[in-house]
Structures are given as C-alpha cells and as structure tokens.
Amino acid sequence: MKRLFATIASRGVHGAWLEQTIMPTHLKRLVHARMEKTGESYQQALRHVRAQAPDAGAADAPPSQERIARSRTLADTAFSIAVVRAEEATRPDADRLFGDPYAAMFAAAGTHVAESTQRFLELPFFRDGVRLRTRYIDDAVRAGLAAGLDQIVLLGAGFDARGLRMPEIVARSASVYEVDTAEQLARKRKILAAAGLKLPARIAHVPFDFDDAAFEQTLLSALEAKGFRRHAGAVFVWEGVIGYIDRDAIERSLRFMASAGGPRSRLIFTFGEGSFVPNTAAEVTQQAGFTSCEELGGDELWHRYLPGEAHPHAFLMKVGTAVV
Ligand SMILES: C[S@@+](CC[C@H](N)C(=O)[O-])C[C@H]1O[C@@H](n2cnc3c(N)ncnc32)[C@H](O)[C@@H]1O
C-alpha cells in the first residue's frame, strides 16, 4: 500500500492515475520513456509529449471509438464519488460532513464498474478527499447564495445532486445548470426516473463536451437557451474535473467562467498539486479574469472539518474559490 501511495504521489492526483489507465498505449510509452530519460513527473512528461506530438494527446484526436470509450470511462468515475457520498449517511450524526440522500441510488446503478470503483476506493486519500471537498463546496455554494448569487453552474456535474439536496438553493430560488456529456446527463435522468423522480424546472441539463473547439461561444449559447443570464453573477462548481481535461480545456473553461458570469461571480474548484505547474492556481485564474483566489490544501481542509489527530496520509487534493 505504501508503494502504491508513493507511486500515486509522484504522479499527481487520481485523475493522472486514471489518465494512465485509459491512455492510448503509444502515448503511454512516450510518456514513460520521457519520465525515465528526464526524471520528470508524470504530469510534466505528459505535457511535453503532447506539446511535441499534438496528435498523441488523448484529448486531441484519437480514433473516434477510442474517444467514445475514454468519455465513458471518465463518466463512470462519477460512480465512485457517489459511493463515498452514499457512505456518509451511514456515519453517526456527529461525524457526518453532509447529507446526500440521492447518492445511494447513483451508487447502486454503478455495479457494471464495480472493479474500477474499488480501485478508486482503495486509494488512501480518496474517501476522505471526496468527503472533505464535498463539504467545502457545499459551504462555498451557501456563501455564494448568501452573497446574492442565484445562478449555479455545475461543470462536469456527474451525479452531483446539490440542486436537489441543498435547501438553501431552493430557498433562494436559484437556477442550477448541470453541464456534462449528453450521455452522462441522460444516464442521470434515467437513474432518477427509475426512482420516480423528475428534475424540477429550476434544474436544467446542458449537454456539452469540454473538448468542443468553439467552447466559449457554444457553451454560452447552450446555457442561455436554458435561461442563464450572462454577466448577472454565477457560482461555478468545477469538482473533480480538472484532472480529466487538458491544459487548453482548463484555460478555456476558466476564461469562459470569468467572462460569462461577470462581476461577483465565483468559481469553486478542486485540483491537484500538479494541475497548474509551472504556474499556481492563483496565477492561472488571474490570467483568465478572476481577481482573487483562495487555495486550501487537503491537510488544511482536514483540520477545518475533522479536527483531531492528523490524517495518516498526505493529501494531494486541493480546493479553491476564485472570485471575478
Ligand atoms: C469525476 S466525475 C465528477 C462529477 C461531479 N463533479 C462530482 O464531483 O460528483 C467527472 C465528470 O466530468 C465529466 N467530464 C469529463 N470530461 C468531460 C468533457 N470533456 N466534457 C464534458 N464532461 C466531461 C464526466 O462525464 C464526469 O461526469
């Protein structure tokens, strides 16, 4: 287990681990060859390989079957998060960080990916990382609502059920826009429908692929078609997504959020130690149009929400809130 953790730690967040699992073999070979030759980390080597051979990147132009399979695998990662959120309900009241009564039904629909879900659950920091980030984001969404924002955009929404489960969103009559692939959103509706649930009108599904070349205009049009008001202020949640998209898509997304939301908007996001290397999260968000960025490491989160003994593992995950 110690060795497994050391390997993961040297390579970055679990997104990088997943990337390696599903990456085309020829790209994997190039990345590992570069790591051996230069001593670079996995993330650094991948960035160089992609820069030198644009057609080698998984997100750049793989064969369509491969691309479809990759998209399905990424979508399936949402089940492992649902499992952790479902487990929260089994903890004693005093230990519970949040309540998600919808998580169990999403988790139960993921039996076809039980093996890969188990691999995530075995990562030493995965469970606590998901628990802590969920609570941090809930608190930050509440703070955004209290500051008067009434549009919430979940980018890479997966099985995030905040629009259904957070009473503060309902009390504020806030609109929730869930952005994910068409396939993932359809799957979410199907799971809800099987439990006799239908999305209320205040929650809109916006099918979208972050690899879309015309990202900024296309996504804005898609959101506006569902009622989003540009520049009226918004809370963007970007949870567990950065590890799965490339640097271009990260920067495009940040620019989009800063400009579409407009003044007072805020972005709540999770990332890994290596996500913005050689820059910091503050630098990258600032370049995209945000003016400030709070950043918390996993250990700080642990001490904030689970005071007491230090966690036995180092946390690689970080969370942040950037404000326009
Ligand atoms: C790890 S899940 C996180 C889900 C959710 N944010 C949460 O924390 O519960 C990642 C989500 O990002 C979505 N995603 C990944 N790459 C995407 C892309 N290129 N376009 C649209 N959605 C994408 C996946 O379909 C999946 O639902």
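In the block above lies the structure referred to throughout.
Everything numeric here is computed off the predicted structure, so don't read it as measured data.

A. Highlighting the packing of helix α12 (residues 215-225) against helix α13 (residues 247-261). Where α12 meets α13, the closest approach of the two axes is 10 Å, and the angle between their N-to-C directions is 45°. Relative to α13, α12 is oriented oblique. For the element pair α12 and α13, the recorded crossing hand is right-handed. Of the residues in α13, those touching α12 at Phe 215, Glu 216, Leu 219, Leu 220 and Leu 223 are Arg 252, Ser 253, Arg 255, Phe 256 and Ala 260. Considered class by class, the residues forming the contact of α12 with α13 number six nonpolar, one polar and three charged.

B. Fine view of the site of the ligand. Neighbouring the ligand are 19 residues, the closest being Arg 85, Gly 156, Asp 180, Phe 210 and Glu 239. A distance of 2.8 Å separates an oxygen atom of the ligand from a polar side-chain atom of Arg 85. Contact distances for the ligand include 2.8 Å between a nitrogen atom and a backbone N or O atom of Glu 239. Of the pockets mapped on this structure, the ligand occupies the largest pocket. It is helix α5 (residues 64-88) that contributes the most residues to the shell around the ligand, five residues altogether. For the shell around the ligand, the residue count by class is seven nonpolar, six polar and six charged.

C. Structural context of the packing of helix α8 (residues 126-146) against helix α15 (residues 298-305). Viewed as axis vectors pointing N to C, α8 and α15 meet at an angle of 70°, and their least axial separation amounts to 10 Å. In this view, α8 runs roughly perpendicular relative to α15, as classed from their interaxial angle. Together, Asp 128, Leu 132, Arg 133, Arg 135, Tyr 136 and Asp 139 of α8 and Gly 298, Leu 301, Trp 302, Arg 304 and Tyr 305 of α15 make up the contact between the two elements. Here the residues of the contact of α8 with α15 sort into five nonpolar, one polar and five charged.

D. Layout of α8. Over its 21 residues, α8 runs 30 Å from end to end, which matches the ideal 30 Å to within 8%, given 1.5 Å per residue. Counting buried residues in α8 gives 15 out of 21 residues, a clear majority hidden from the surface. Gly 148 lies just past α8 and shows a positive phi near 100°.

E. Region of the structure containing the packing of aromatic side chains. This structure, assessed with the given rule, holds twelve aromatic pairs. Between Phe 79 and Phe 159 the ring centres are 4.9 Å apart and the planes differ by 55°, which places this aromatic pair in the tilted class. Taken together, the residues Phe 79 in helix α5 and Phe 159 in the loop between β1 (151-155) and α9 (162-165) connect sequence positions 80 residues apart. With centroids separated by 6.3 Å and ring planes inclined at 55°, the aromatic side chains of Phe 208 and Phe 210 adopt a geometry described as tilted. Each member of the pair, Phe 208 together with Phe 210, is buried. Through a chain of ring-to-ring contacts, three or more aromatic side chains come together here, namely Phe 208, Phe 210, Phe 215, Phe 236 and Phe 256.

F. How the structure looks around the environment of Leu 220. Topologically, Leu 220 is positioned in helix α12. Among the residues examined, Leu 220 registers a relative accessible area of 8% and is labelled buried. On a C-alpha basis, the gap between Leu 220 and Arg 230 in space is 8.0 Å, while along the polypeptide they are ten residues apart. Setting aside its immediate chain neighbours within four residues, Leu 220 contacts Phe 228, Arg 230, Phe 256 and Ala 260.

G. Local environment of the side chain of Ser 275. Its location among the elements puts Ser 275 in the loop between β5 (266-272) and α14 (281-288). Under the relative-accessibility criterion, Ser 275 is labelled buried at 9%. One polar contact links the side chain of Ser 275 to the main-chain amide nitrogen of Gly 272, over a distance of 2.7 Å.

H. How the structure looks around the pairing of β1. Across the five residues of β1, five count as buried, placing the element largely inside the fold. Neither face of β1 is open: one carries Gln 151, Val 153 and Leu 155, the other Ile 152 and Leu 154, and all of them are buried. Pairing of β1 with strand β2 (residues 175-180), which is carried by five bridges, proceeds in the parallel orientation. Among the inter-strand pairings, Ile 152 is bridged to a residue of β2, identified as Val 176. Taken together, the three bridges between β1 and strand β4 (residues 235-238) define a ladder with parallel strand orientation. Bridge pairing in β4 places Val 153 opposite Phe 236.

What counts, and where the lines are drawn
- Residues numbered from 1 in each chain as written.
- Predicted model: local features only at pLDDT ≥ 70, side-chain atom pairs only at ≥ 80, totals over all residues.
- Heavy atoms only, no water.
- Axes fitted to C-alpha atoms, helices over the stretch in contact; angles between N-to-C directions.
- Helix = DSSP H or I, 4+ residues; strand = E, 2+ residues; numbered from the N terminus.
- Parallel < 35°, antiparallel > 145°, perpendicular 65-115°, else oblique.
- Left-handed = near helix turned anticlockwise from the far one by under 90°.
- Contact = heavy atoms within 4.5 Å.
- Nonpolar A, V, L, I, M, F, W, Y, C, P; charged D, E, K, R; others polar.
- Near = heavy atom within 4 Å.
- Polar contact = N/O pair within 3.5 Å; in protein donor to acceptor, adjacent residues only side chain to side chain.
- 1 Å grid on protein atoms, 1.4 Å probe; cavity = no way out; pocket = protein on both sides within 12 Å on 5 of 7 lines; lining within 4 Å.
- Sits in = over half its atoms within 2 Å of the grid points.
- Expected span 1.5 Å × (residues − 1).
- Buried < 20%, exposed > 50% of the residue type's maximum accessible area, 1.4 Å probe, protein only.
- Phe/Tyr/Trp six-rings, centres within 6.5 Å; stacked < 30°, edge-to-face > 60°.
- Pairing = 2+ DSSP bridges.

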